[in-house]
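# Architecture and fold: a report
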Amino acid sequence: MDCLFCKIINGDIPSNKVYEDEKILAFYDIAPQTPTHVIIIPKQHITCADEVDETNCLVVGHIFSKIPLIAKELGLEDGYRIINNCKEDGGQTVMHLHFHLLGGKKLGEKIV
Ligand code: 5GP
Ligand code: ZN
């Protein structure tokens, strides 16, 4: 499958890993938008948040169960923001479900 993040999971494209287990991978974004900007993905290919259903939602819970650990390792004790962009109108550019973990400074005005 021609999916950038699947290639990162397979090791075909290198990444700067922050956390990995059998189900998920976290790595630094190549174009950080904040001092700390990490992408968290399921190893299972799920195209986007709109494709999450009863058959594949456990890995989403697994990601969120590990976010506090990842954030602690990154020194984000004062907080952070998690963003998911979904499909075209949501601004998604890589069609493999991912969550942006952003922090390292006091983030600006909220969109929501
Ligand atoms: P999206 O816009 O789909 O929500 O987020 C995709 C993210 O993937 C962007 O923040 C972009 O900088 C990041 N990205 C794109 N290509 C690569 C890559 O080859 N390596 C890494 N580490 N991040 C990438
Ligand atoms: Zn993929």
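## As for the site of ligand 1
Near ligand 1 there are 16 residues, and of these Asp29, Asn85, Thr93, His98 and His100 occur at the shortest range. At 2.9 Å, a backbone N or O of Tyr28 approaches a nitrogen atom of ligand 1. Assessed atom by atom at 2 Å from the grid points, ligand 1 resides in the largest pocket. Tallying contributions element by element places helix H1 (residues 4-10) first for the shell around ligand 1, with three residues. Of the residues belonging to the shell around ligand 1, the class tally is nine nonpolar, six polar and one charged.

## Notes on the sheet that holds strand S3 (residues 36-42)
The five strands lie next to each other as S1-S2-S3-S5-S4, forming an open sheet whose pairing is antiparallel. The sheet is open, and its two borders are formed by strand S1 (17-20) and strand S4 (81-83), each paired with just one other strand. Recorded for the sheet is a direction-independent mean angle of 20 degrees between the axes of neighbouring strands.

## Details of a nonpolar patch on the surface
Residues Phe64, Tyr80 and Ile82 make up a contiguous nonpolar surface patch of about 250 Å² in total accessible area. Checked against the element boundaries, Tyr80 lands in the loop between helix H2 (58-73) and S4.

What counts and how
- Residues numbered from 1 in each chain as written.
- Chains lettered and ligands numbered in written order.
- Predicted model: local features only at pLDDT ≥ 70, side-chain atom pairs only at ≥ 80, totals over all residues.
- Heavy atoms only, no water.
- Near = heavy atom within 4 Å.
- Polar contact = N/O pair within 3.5 Å; in protein donor to acceptor, adjacent residues only side chain to side chain.
- 1 Å grid on protein atoms, 1.4 Å probe; cavity = no way out; pocket = protein on both sides within 12 Å on 5 of 7 lines; lining within 4 Å.
- Sits in = over half its atoms within 2 Å of the grid points.
- Helix = DSSP H or I, 4+ residues; strand = E, 2+ residues; numbered from the N terminus.
- Nonpolar A, V, L, I, M, F, W, Y, C, P; charged D, E, K, R; others polar.
- Pairing = 2+ DSSP bridges.
- Axes fitted to C-alpha atoms, helices over the stretch in contact; angles between N-to-C directions.
- Patch = residues over 30% accessible without salt bridge, like charges linked within 9 Å, V, L, I, M, F, W, Y side chains within 5 Å.
- Areas by Shrake-Rupley, 256 points an atom, 1.4 Å probe, with all protein chains shown as cover.
- Salt bridge = Lys/Arg side-chain N within 4 Å of Asp/Glu carboxyl O.

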